[in-house]
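# Structural characterization, general
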Amino acid sequence: MAQAQPMDQREIETLQYYLKEYGQQAEVFAGQLELMENGRMEALAAIEALEALVASDDGTVLLQIGGGASLRAKVLDPEKVLLNIGSEVIVEKTNPDTVEYLKDRITEMEASQKKVAEALDKLRGQMNEIAKRLEQGYRQAQAPESPAAHRHAHEDDDEE
């Protein structure tokens, strides 16, 4: 039975490089997931606020102004919503149309989140494989060669 060739220093350095690169890529994916989740939560909160406006008898809502502070505010026209659709383009939509638009965006974000999460899982799997190979390389480098292993290596050379 042939023994696995010990890893040379160049192979170990290459694996370390890939592990570092994949780790940085994983951080980017995790950051993207966090941004998408924040966007999804904001859209859900906006839908909730728009639906509360419709349910309100007099258009009075709590307006969060930051720092945990809120004001009671009266919305003059709860049926007209100004919506930023990207690239600083703002359009006026009805309340129900805005809710529908936000629900569609949430669906898109969830699909994107799923793709990024799958890519992240695949990347982490590759990182685990690289880490296992590195661990094996480190163990081989630290283990002193036994005389029996040395003898078998020479016997393998004789067979060629």
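Above this text sits the structure in question.
Residues numbered from 1 in each chain as written. Predicted model: local features only at pLDDT ≥ 70, side-chain atom pairs only at ≥ 80, totals over all residues. Heavy atoms only, no water.

## Notes on the packing of aromatic side chains
Counted under the stated rule, the structure contains 2 aromatic pairs. Here Y17 and Y18 contribute two aromatic rings whose centre-to-centre distance is 5.8 Å and whose plane-to-plane angle is 65°, an arrangement assigned as edge-to-face. Taking 6.1 Å as the distance between ring centres and 45° as the angle between the ring planes, the aromatic pair formed by Y18 and Y22 counts as tilted. With Y18 and Y22 both in helix α1 (residues 9-55) and 4 residues apart, this pair spans about one turn of that helix. The rings of Y17, Y18 and Y22 are connected pair by pair, giving a single aromatic cluster. (Phe/Tyr/Trp six-rings, centres within 6.5 Å; stacked < 30°, edge-to-face > 60°. Helix = DSSP H or I, 4+ residues; strand = E, 2+ residues; numbered from the N terminus.)

## Structural notes on the packing of α1 against helix α2 (residues 95-142)
Following both chains from N to C, one finds α1 and α2 inclined at 160°, their axes separated by 8 Å at the closest point. Taken together, α1 and α2 sit at an angle that is classed as roughly antiparallel. Between α1 and α2 lies a crossing whose hand is left-handed. Taken together, the residues of the contact of α1 with α2 break down into 31 nonpolar, 11 polar and 7 charged. (Axes fitted to C-alpha atoms, helices over the stretch in contact; angles between N-to-C directions. Parallel < 35°, antiparallel > 145°, perpendicular 65-115°, else oblique. Left-handed = near helix turned anticlockwise from the far one by under 90°. Nonpolar A, V, L, I, M, F, W, Y, C, P; charged D, E, K, R; others polar.)

## Describing the pairing of strand β4 (residues 89-94)
Looking at chain direction, strand β3 (residues 80-86) and β4 are connected through 6 bridges and run antiparallel. Along β4, the bridge assignment pairs N84 with I90. In sequence, β3 turns back onto β4 through a hairpin of 2 residues, with S87 there showing a positive phi of about 50°. (Pairing = 2+ DSSP bridges.)

## Describing the side chain of Q113
Within the secondary structure, Q113 is located in helix α2. Leaving out residues up to four positions away in the same chain, Q113 has contacts with L33, M36, E37 and R40. (Contact = heavy atoms within 4.5 Å.)

## Brief notes about α2
Taking 1.5 Å as the rise per residue, α2 with 48 residues should run 70 Å; its terminal C-alpha atoms sit 68 Å apart, in good agreement. Between a side-chain oxygen at the N-terminus of α2 and the backbone nitrogen of D97 the separation is 3.2 Å; the capping residue is T94. (Expected span 1.5 Å × (residues − 1). Polar contact = N/O pair within 3.5 Å; in protein donor to acceptor, adjacent residues only side chain to side chain.)

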